Structures are given as C-alpha cells and as structure tokens.
Amino acid sequence: MLLCKEPETIGNLYKRAADLKLRTIGPKVHLRGLIEISNICRKNCLYCGIRSGNTLCERYTLTDEEILLCAEHAYSAEFGSVVIQGGERTGKKFTERITSLLQRIKLIGNGALGITLSLGEQSEEVYKEWFDAGAHRYLLRIETSDPDLFRKIHPNDRYHSYDRRIRALMDLKSIGYQAGSGVMIGLPWQNAEHLASDLLFLKEMDFPMIGMGPYVPHDDTPLTQMAATDPTASFPSVADRLELSLKMISLLRILVPDINIAASTALEALHPKGRIMALRSGANIVMPNITPSDYRKYYNLYDRKALLLEDLDLGEVEIGFGEWGDSLHFNKV
Ligand code: SF4
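This is a predicted model, so every value here is computed, not measured.

A. Molecular detail of the site of the ligand. Lining the immediate surroundings of the ligand are Cys41, Lys43, Cys45, Tyr47, Cys48, Ile50 and Arg51. The residue makeup of the shell around the ligand, split by class, is five nonpolar, no polar and two charged.

Here it is, written out as structure tokens:
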C-alpha cells in the first residue's frame, strides 16, 4: 500500500480508514489548544529549525501570565484541553516552573482542561512530578523506529540516543500517562520498509495516541544541506510526502482502530487543506495553535510553518467542544 500509485486504490484506503474511524470512535473531532511556550532547546536534531546550533533562530519564552492567558482562551473557546509544547530543557528551575504552571492551569474552570505535555526527554522523577501536578497525556515522537535512520538524523552523542528515547516512552507509560508518539514521513534515506516497520512499532508499543507528519525541510539545518549534496539522501516530492503521510494515517487507523490520531500541522505546510485531508483519511484530533501570534513566527520548526497564521477551517466536521477527548484505546487498556 505504501508503494501503491493507483489513485482508486489509494482513495479506497482513505475511505476505508475514515469509515472505520466513524464506526469505532464516532464522528467527533477533538481539539487541543497548542501553546508553544518556548523555542529554546538543548538538543540539536539535524532536521529541526529550533535546534540549539541554529544561531539564526531568534529565541523566545512566553511568560507564565502569557501561558495562563492562552489556557484561559482555550477554556473559553471550549477546546477541552491544551498541549504545552516547547524545546527540551532540564534542571530544577525549569521542572518547578512547569509544575507550578500545571497546578495553575488546573485551577481554570475547576480542572476543566485536560493537559498534554510535549517537553522532550526527562527523568522518570520529573515525568512523575508533572503527572502528579495534573498532566495526563505526553507526546514524545520517536521520529523513526529504525535505530540506524535515527542515528543518521541526529548528532552522534549521548544527548541523542534511540535507547534513551525508548526508555523515556516506557517511563511515561509506566507512570500512567497516555503516551503519544509518532514518526516523520518522507525523510532522507527512508524507504517503504522503514515506514511499514514504523507502523508495526507504533502498534506493538500500544500507544493510545499518535502524531505523524511529513518531513518538511528547513533551510537552516544540516539535514537539508546533506540532502542537497548526498544523492543517497534525497527525499520524496511534496506531493509524494503528502500522499505517504495520508496513507500512513489510514494504515495506522486500520491497524489500531480506536486510537487518537492527530492531523498534524506539518501537513498544512505541504497543502493548504492538509489537515482536512488527514481528517478524511482517518485522523480525529486537531491541535489549533493558540500561541500569541507575536511569538508564533519564531517557532519555525520548519520553513513555511511561520506563515500558517490562519486558524483551521473546521466547517465540515463535528467538534467535541469542552471534552478532553481521551483515547478509547487507553481507557480499554
Ligand atoms: S526536534 Fe525537538 S528535541 Fe530536537 S532540536 Fe527540535 S525541539 Fe529540540
């Protein structure tokens, strides 16, 4: 299926996945208000625009008041839950700041907002502290389940370890988080076998939520430069990466019908209706960006995301307003 180029077969795949979603988890789409709290990161992933080594990236950190205002906005707009996302940072001061923010967000509407964190790899103790403070979902993408490909797209040092990433995911699960992961689609050196293995990996790890998105090259990154000079590092065209991403969403929906699958923002960097296309292919979660627009342009993980200031047009779907939209799969487990 990943290699199939037959439009009718591909269309049937999307339709089958969308029908399965409808039958298994119903017609609703749930929203997560995405708050990008800072683009400062200690890591240096070779594909990432906010990597620590990118001196061209202007750094920002939202104040506590700005973050709380975003959360209040999500509550008033009945988003049901928020995602607190930022570059990976560690240390007591950072940990305690997040703990205090979680406790304060939990006071909004008397605990009405569900909270997902996306703050990278942390120690088990830190994950536990944040869980006890009110976070109940955590996103940590593996990016690729293939250890060799993982090594190719990350610096070769102890801060970027495949095994450490797996360990962190296991910690999150054992603490009781709904742990979400996902992969990048259309990477240099990646082939259909890698992607097929990714799907099986995500199923075997039993993640209740998944965020997968296309690789979107960023000009100021080593991976883009490597792809330009190394013929073995070429990657699929925009149209092919879009198609592959939608196929991956559909195939995963068929493999594990009752999980939450996000229609990733990165899809809209490839096509203006990318997220709607993902919802029609089996995805059921949308994460509208509610970071104040002044800061949004600095969170450029990849080119063009900075231009995506328009909120999603959700005219054609049913929204689960005010609901956390937890994964049915997690509740079953
Ligand atoms: S991908 Fe994530 S961990 Fe890696 S540099 Fe970017 S923000 Fe940091």
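B. Structural detail: the packing of helix H2 (residues 64–76) against helix H3 (residues 92–107). Interhelical geometry of H2 versus H3 gives an angle of 35° and a closest axis separation of 10 Å. Remark: the crossing between H2 and H3 carries right-handed chirality. Between H2 and H3, the residues in contact are Asp64, Glu65, Ile67, Leu68 and Ala71 and Arg97, Leu101, Arg104 and Ile105, respectively. Counted by class, the contact of H2 with H3 contains five nonpolar, no polar and four charged residues.

C. Region of the structure containing the pattern of salt bridges. For the structure on display, the rule yields 19 salt bridges. The closest approach of N and O atoms between Glu65 and Arg104, which form a salt bridge, is 3.8 Å. A residue pair is termed long-range when its members are at least 10 positions apart, and Glu65 in helix H2 and Arg104 in helix H3 qualify at 39 residues. Put simply, Glu96 and Lys92 hold a salt bridge, and the shortest N to O gap is 3.1 Å. With Glu96 and Lys92 both in helix H3 and four residues apart, the pair spans about one turn of that helix. Its relative accessible area of 63% is what places Lys92 among the exposed residues.

D. Geometry of H3. Relative to the 22 Å expected for 16 residues at 1.5 Å per residue, H3 spans 23 Å between its end C-alpha atoms, a close match to the ideal helical length. When H3 is considered as a whole, its buried residues turn out to be Phe94, Thr95, Ile98, Thr99, Leu101, Leu102, Ile105 and Lys106. In an axial view of H3, the angular spread of the buried residues amounts to 165°, which keeps them on one side of the axis. Across H3 from its buried face, at more than 90 degrees, point the exposed residues Lys92, Lys93 and Leu107.

E. Fine view of the pairing of strand S5 (residues 178–181). On S5, burial covers both faces: Gln178 and Gly180 on one face and Ala179 and Ser181 on the other are all buried. Relative to S5, strand S4 (residues 137–139) runs parallel, the two sharing three bridges. Bridge pairing links Leu139 to Gly180 in S5. Relative to strand S7 (residues 209–214), S5 is paired through two bridges, and the arrangement is parallel. By the bridge assignment, Gly180 is partnered in S7 with Met209.

F. The arrangement of H2 in detail. The end-to-end C-alpha separation of H2 is 18 Å, in line with the 18 Å expected for 13 residues at 1.5 Å each. Among all positions in H2, only Asp64, Ile67, Leu68, Cys70, Ala71 and Ala74 are buried. Summarising the axial view, the buried residues of H2 lie within an arc of 155°, below the 170-degree limit, and thus occupy one face. Projecting away from the buried face of H2 at angles above 90 degrees are the exposed residues Glu65, Leu69 and Ser76. Against strand S1 (28–38), strand S2 (81–86) and H3 lie the buried residues of H2.

G. Quick look at unusual backbone geometry. The backbone of Glu78 sits at a positive phi, close to 60°, despite the residue not being glycine. Among the structural elements, Glu78 can be located in the loop between H2 and S2. Looking at Glu78, the relative accessible area reads 44%, which means it is partly exposed. With a phi close to 70°, Trp189 is a non-glycine residue in the positive phi region. Locating Trp189 in the fold gives a position in the loop between strand S6 (184–185) and helix H7 (192–204).

The rules behind each value
Residues numbered from 1 in each chain as written. Predicted model: local features only at pLDDT ≥ 70, side-chain atom pairs only at ≥ 80, totals over all residues. Heavy atoms only, no water. Near = heavy atom within 4 Å. Nonpolar A, V, L, I, M, F, W, Y, C, P; charged D, E, K, R; others polar. Axes fitted to C-alpha atoms, helices over the stretch in contact; angles between N-to-C directions. Helix = DSSP H or I, 4+ residues; strand = E, 2+ residues; numbered from the N terminus. Left-handed = near helix turned anticlockwise from the far one by under 90°. Contact = heavy atoms within 4.5 Å. Salt bridge = Lys/Arg side-chain N within 4 Å of Asp/Glu carboxyl O. Buried < 20%, exposed > 50% of the residue type's maximum accessible area, 1.4 Å probe, protein only. Expected span 1.5 Å × (residues − 1). Arc of directions from axis to C-beta. Pairing = 2+ DSSP bridges.

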